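# Chain and residue survey
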Number of protein chains: 2
Amino acid sequence: MITLEDVRIAAARLEGVAHRTPVLTSRTLDERVGASVFLKAENFQRMGAFKFRGAYNAVRALSENDRARGVVTTSSGNHAQAIALAARLCGTTALIVMPEDAPLSKVAATEGYGASLVRYDRYTQNREELVHSVAEESGRVLIPPYDHPDVMAGQGTTALELIEEVPQLDALLVCTGGGGLLAGCATAGSALLPNLRIFGVEPEAGDDHRRSRLAGERITIAVPRTIADGQQTDAPGELTWPITNRLCEDFLTVTDGEIIDTMRFLFERMKVVVEPSGASALAALFGGGIDLGGLRVGVTLSGGNIDVTRFRELLG
Amino acid sequence: MITLEDVRIAAARLEGVAHRTPVLTSRTLDERVGASVFLKAENFQRMGAFKFRGAYNAVRALSENDRARGVVTTSSGNHAQAIALAARLCGTTALIVMPEDAPLSKVAATEGYGASLVRYDRYTQNREELVHSVAEESGRVLIPPYDHPDVMAGQGTTALELIEEVPQLDALLVCTGGGGLLAGCATAGSALLPNLRIFGVEPEAGDDHRRSRLAGERITIAVPRTIADGQQTDAPGELTWPITNRLCEDFLTVTDGEIIDTMRFLFERMKVVVEPSGASALAALFGGGIDLGGLRVGVTLSGGNIDVTRFRELLG
């Protein structure tokens, strides 16, 4: 379990290192959804996604001895870049276990930050086993993408900043893959605003949180095939789930088509580039599956790492 | 001639109506060009471009009688939207003379703001004659896109805000079509920072400012064919030219290919959507035709009104 204090400690570590990202608003958006919407634009975060917050907090929190061993992790992309950059900023090295079908832009950026890569097939190989064996052999410290207290606390600074800027928030919609961002934001949000209504949003094809809520326990689904490559997790995290299940009112799902329509809206009307996973929370608001009419709603735009080629394919 | 005081009066009119747009920075950008770059992001301005500043200032400055007559203008797009929105906000109506090949998104947006349209062929019809006859017949007040003191003064608030935020600026690069933004920004910039080096940037195919500088007088070229649809003017403005010619160190040109590469950089690395005309000033910095190494350089991103379809075509 993490607390608001853990999130505040993470914020202190991130001060002057992470960007304090802007909160975007739009008259057109508010009219369309009938609510006052505040978009926390983590696509403008360092390396292009909120993942930098948790990764840097976790690497920075290591003892000197542990940091000298170097770090290792597994990620479909943004956590990889985040760990690579965090390692470099903290004066250590990173090894990344990355799926073979990760977006090219994410592979190139990770290598650009100086990390070494080990590739695997996400549909046939078990990444957990692989990353643990790599960690053991290399002697590096494993920093998983979401199931780690310092990672969750770091991601929670997203909501901390949003609420500092927009103190009267009624609801919060958060993009959810493994649940790290959601767990951190729910912890900070519910502590600061006890009446805040918190929702996790995931792709329809990867509705492991929704199914877990319905089943009353953490369940595992087939690896989801969705354009939201940052949300292709097959189960809620072991550490994130007790937090998100307790603090979230509901888990919502969106289709790939709804995500694409939302990316188009963000491009044409708000002039910002958001990757599929990053657009899912706003897509839920457009989808109308939940009525937040008249409320003040915070929404995470969690990342913007998509290249022009992939953008053209998706929005063709 | 306009003065810094005119720009300050415009700023007072725009207070709380126009957005105070953000100034974007990027480590990657600074490393690539070897300078400290400050991007004034007018793609986040109301209706998506700096044009709102000048249009609103001009409509707001009208006497009650003149405002009641309604306004008319001609524009390839952004000034049209700007006048349409300004007219609505000031409680009057707008009639827009617009080329037949204007981007669809700009046509739709202009009509969306409640303006009426008159279309013409920009390669065969004389738009100046047409708009004057429309103004005479309709009894409306003509507000041209750049050759108007209140329009120039309004556009100048772009540089005023930038310098308020970044007071130690060495150079300023401004996208230039007819020269309204450049004239306003050069007026404000040179008054606030007497040593500021000011440059206008235009498409290579539409180098009317560069040729006018070389010729020592305002000259007219064939209507340029370029992807930068906001910069398809064939001559510097009658009112803008004496200002820009006096205050600008030089006029730089960029190719359509350089503009596209810059749009890709802005999309992939900075997560922002900028239309071709809006990317031209930054393209000049990438192009390396000018050495501003080690300096603090302000650059206008003048607009972001491009739809996904057109973006896909250009960056294919």
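Residues numbered from 1 in each chain as written. Chains lettered and ligands numbered in written order. Predicted model: local features only at pLDDT ≥ 70, side-chain atom pairs only at ≥ 80, totals over all residues. Heavy atoms only, no water.

## Re the pairing of strand E2 (residues 36–41) of chain B
Strand residues, when the strand is regular, have side chains that alternate between the two faces of the sheet. Residue and element names in this part refer to chain B. Rule in force here: Any residue under 20% of the maximum accessible area for its type is buried, any over 50% is exposed, and the rest in between are partly exposed; the area is computed with a 1.4 Å probe on protein chains only. Secondary structure counts use DSSP, requiring at least four H or I residues in a row for a helix and at least two E residues in a row for a strand, with both numbered from the N terminus. Any two strands are treated as partners once DSSP identifies two or more bridges connecting them.
Extensive coverage of E2 is indicated by the burial of 5 of its 6 residues. Of the pairings in the sheet, the one linking E2 to strand E10 (residues 296–301) comprises 6 bridges and is parallel in character. Residue pairing across strands places Val 37 opposite Val 297, the latter belonging to E10.

## Focus: the domain arrangement of chain A
Residue and element names in this part refer to chain A. This is how the line gets drawn: Where a domain begins and ends is set by an automatic assignment or by a domain database. Contacts are assigned to residue pairs that have any heavy atoms within 4.5 Å of one another. Take the accessible area each of two parts loses on contact, using a 1.4 Å probe, and add the two losses: that sum is the buried area. By definition, a salt bridge exists where a carboxyl oxygen of Asp or Glu is found within 4 Å of a side-chain nitrogen of Lys or Arg. Definition of a polar contact: a pair of N or O atoms within 3.5 Å, with one able to donate and the other able to accept a hydrogen when the atoms are protein atoms, and with sequence-neighbouring residues admitted only if both atoms are side-chain atoms.
Under the domain assignment, chain A is made up of domain 1 (4–50 + 149–315) and domain 2 (52–142). Listed as interface residues are 31 residues of domain 1 and, on the opposing side, 21 residues of domain 2. Across the domain 1/domain 2 interface, buried area totals approximately 2200 Å², and carbon plus sulfur atoms make up 54% of it. In this structure, Arg 53 and Glu 161 form a salt bridge, with 3.0 Å as the shortest nitrogen-oxygen distance. For the pair domain 1 and domain 2, the number of links is 13 residue pairs in polar contact (both at pLDDT 80 or more).

## Quick look at the environment of Gly303(B)
Within the element layout of this structure, Gly303(B) appears in the loop between E10 and helix H14 (308–314). Those residues in contact with Gly303(B), other than ones at most four positions away along the chain, are Glu42(B), Asn43(B), Gly48(B), Ala49(B), Val274(B), Glu275(B) and Gly278(B).

## Side note on the interface of chain A and chain B
Accessible area lost when the parts come together is the quantity often used to give the size of an interface. Contacts between the two partners involve 22 residues from chain A and, on the opposite side, 22 residues from chain B. A combined buried area of about 2000 Å² lies between chain A and chain B, and 61% of that area is made up of carbon and sulfur atoms. At the boundary of chain A and chain B, one finds 0 salt bridges. Run the count over chain A and chain B and you get 9 residue pairs in polar contact (both at pLDDT 80 or more). Every element with two or more residues in the side of chain A that touches chain B is listed here: helix H12 (256–270) and helix H14 (308–314) of chain A. Sort the elements by how many residues they give to the side of chain A that touches chain B and H12(A) lands first, with 4 residues.

## Some words on the relation of the copies chain A and chain B
One copy of the chain maps onto the other through a rotation about an axis followed by a shift along the same axis. For clarity, the cut-off: Copies overlap after least-squares fitting; the atoms used are the C-alpha atoms of residues with pLDDT of at least 70 in both.
Rotating chain A by 180° and translating it 0.0 Å along the rotation axis places it on chain B, where the RMSD comes to 0.0 Å. Here the two chains are linked by the operation of a two-fold rotation axis. Every residue of chain A has its C-alpha some distance from the rotation axis, and the shortest such distance is that of Val272(A), at 2.3 Å. Taken together, the interface assignments show that 100% of the residues at the interface of chain A recur at the interface of chain B, consistent with an identical surface on both copies.

## What about the nonpolar core?
For clarity, the cut-off: The criterion is simple. A nonpolar core is a set of buried Ala, Val, Leu, Ile, Met, Phe, Trp, Tyr and Cys residues joined through side-chain atoms within 4.5 Å.
Core analysis: the biggest nonpolar cluster contains 86 residues, and Leu39(A), Leu173(A), Leu39(B) and Leu173(B) have the highest contact counts within it. What Leu173(A) contacts, discounting residues up to four positions off in sequence, is Phe199(A), Val201(A), Ala281(A), Ala284(A), Leu285(A), Leu292(A), Val297(A), Gly298(A), Val299(A) and Thr300(A).

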